[in-house]
Amino acid sequence: MTFDNDQDIQIRSLIRACGQQAKQMAAQGLEIFEKAPADFVTNVDRMLDRQLSTKFAQFFPQDGVITEENAESRVQFRSGNPRLWCIDPIDGTEDFIHGRPDYAVMVGLLEKNQPVSGWIYAPEQDVMYYGGSDRGLWQTIADSAPQQLSPAKPKPPSPDHFRLIVGNKDRENFGEAISQSIPEVEFVYSLGSFGLKVMNVITGQAGLYLYLNGRVKVWDTVAPLALAKVAGLVCCDLDGNELSYADAAMNLETLAHQQSIVIGWAPYVESLLPRMRTAIASVVNS
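What counts, and where the lines are drawn
Sequence order as written defines residue numbering, which begins from 1 separately in each chain. In view of the model being predicted, local features appear only for residues whose pLDDT reaches at least 70, and side-chain atom pairs are presented and counted only at 80 or more, with totals across whole chains, interfaces and linings using the full set of residues. Calculation of side-chain values draws on the structure's entire complement of heavy atoms; hydrogens and water are dropped beforehand. Secondary structure elements are taken from DSSP: a helix is a run of H or I of four residues or more, a strand is a run of E of two residues or more, and numbering for both begins at the N terminus. Note on method: radius of gyration uses C-alpha positions; expected globular size equals 2.2 Å times residues raised to 0.38. Classification of residues uses two cut-offs on accessible area relative to the type maximum, computed with a 1.4 Å probe and protein chains only: under 20% is buried, over 50% is exposed, and between them is partly exposed. Between two residues, a contact is recorded if the distance between any of their heavy atoms is within 4.5 Å. Only four residue types enter the charge count, namely Lys and Arg as positive and Asp and Glu as negative; His and the chain termini do not. Where a charge lies is defined by one atom per residue type: Lys uses NZ, Arg uses CZ, Asp uses CG and Glu uses CD. As a rule, the C-alpha atoms of each element are fitted with a line to give its axis, helices using only the stretch in contact, and angles between N-to-C directions run from 0 to 180 degrees. To sort the angles, those under 35 degrees are grouped as roughly parallel, those over 145 as roughly antiparallel, those from 65 to 115 as roughly perpendicular, and the leftovers as oblique. When the near helix sits turned anticlockwise from the far one by under a right angle, the crossing is termed left-handed; a clockwise turn instead gives a right-handed crossing. By the convention adopted, Pro, Cys, Tyr, Trp, Phe, Met, Ile, Leu, Val and Ala count as nonpolar, Lys, Arg, Asp and Glu as charged, and the other residues, Gly among them, as polar.

Scanning the chain for helices and strands turns up seven helices and 16 strands. Over its C-alpha trace the chain gives a radius of gyration of 18 Å, about what one expects of a compact globule, namely 19 Å for 286 residues. Its C-alpha atoms put the chain at 50 × 40 × 40 Å along the principal axes. Residues classed as buried in the chain amount to 52% of the 286 residues present. Look at the contacts in the chain between residues 6 or more apart in sequence, and 62% of them connect residues 24 or more apart. Of the side-chain charges in the chain, 24 are positive and 35 negative, and the distance between the mean point of each set is 1 Å.

What follows is the structure, encoded as structure tokens:
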């Protein structure tokens, strides 16, 4: 194992406590700042970022820690350390700001450029999804005992129905072209959190999640991809190449992924990927 049972309990307890703290502070009112155009952060993001990074540095002093709100921590990505903890204190900040429930606290472990463990905690539902390559998938609700989580494949693709998750911005840019090219597609309601969208695919509420926006970063993806891989999902780009954390696949300044992102059940990926490429190319090349 990458860590022992006591450490696993510590991690889950810390993440849940931070998530519940975020929920309570949001009810009292938020301070909101603009980091970049249309990129917002709150006082809660920043506070939880400090708390989580401090604790993980204490839990695993030999490992690197990368967090969303500490730009200086990004140098860890090229430090040569084989184990990097990637922390997103609030995944889905826009939903968090607007009082919507679909945000999460996420922590993922990247080991030798592979996502191997992840924790995704939804404070409003008090549900945590977690697991890794060495222990499978698990779920806890509130302070209940962990229960093994079985991935649920959606119904096999049929000629008249595909369920697809596309983020709001990508749907604005490409939704019409996708619908015209693949009229049997049903767009599923898009949650704010990248991690919770991936969980919707793992639990069978959609067959595939497509992300093209180009802004998603390592702290957004390590935890969800770790769980998606354990669930047996395909994690690739629009050309079918495996999603990579190698230097060549990343913007090393921002740690944004350079690849498009497709996460889904194999039958959906095989059926939809060629037609989605065509639809998206028709917009990009127009």
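What follows continues from the structure just given.
Time to look at the packing of helix α1 (residues 5-28) against helix α2 (residues 43-59). Put simply, α1 and α2 touch, their axes get as near as 10 Å, and they point 165 degrees apart. Between α1 and α2, the interaxial angle falls into the category roughly antiparallel. With respect to the hand of their crossing, α1 and α2 are arranged in right-handed fashion. Residues Gln7, Gln10, Ile11, Leu14, Ile15, Cys18, Gln21, Ala22 and Met25 of α1 form the contact with α2, whose participating residues are Asn43, Val44, Met47, Leu48, Gln51, Leu52, Lys55, Phe56 and Phe59. Of the residues that constitute the contact of α1 with α2, the class distribution is 12 nonpolar, five polar and one charged.

As far as function goes, none of this settles anything; it's purely spatial.
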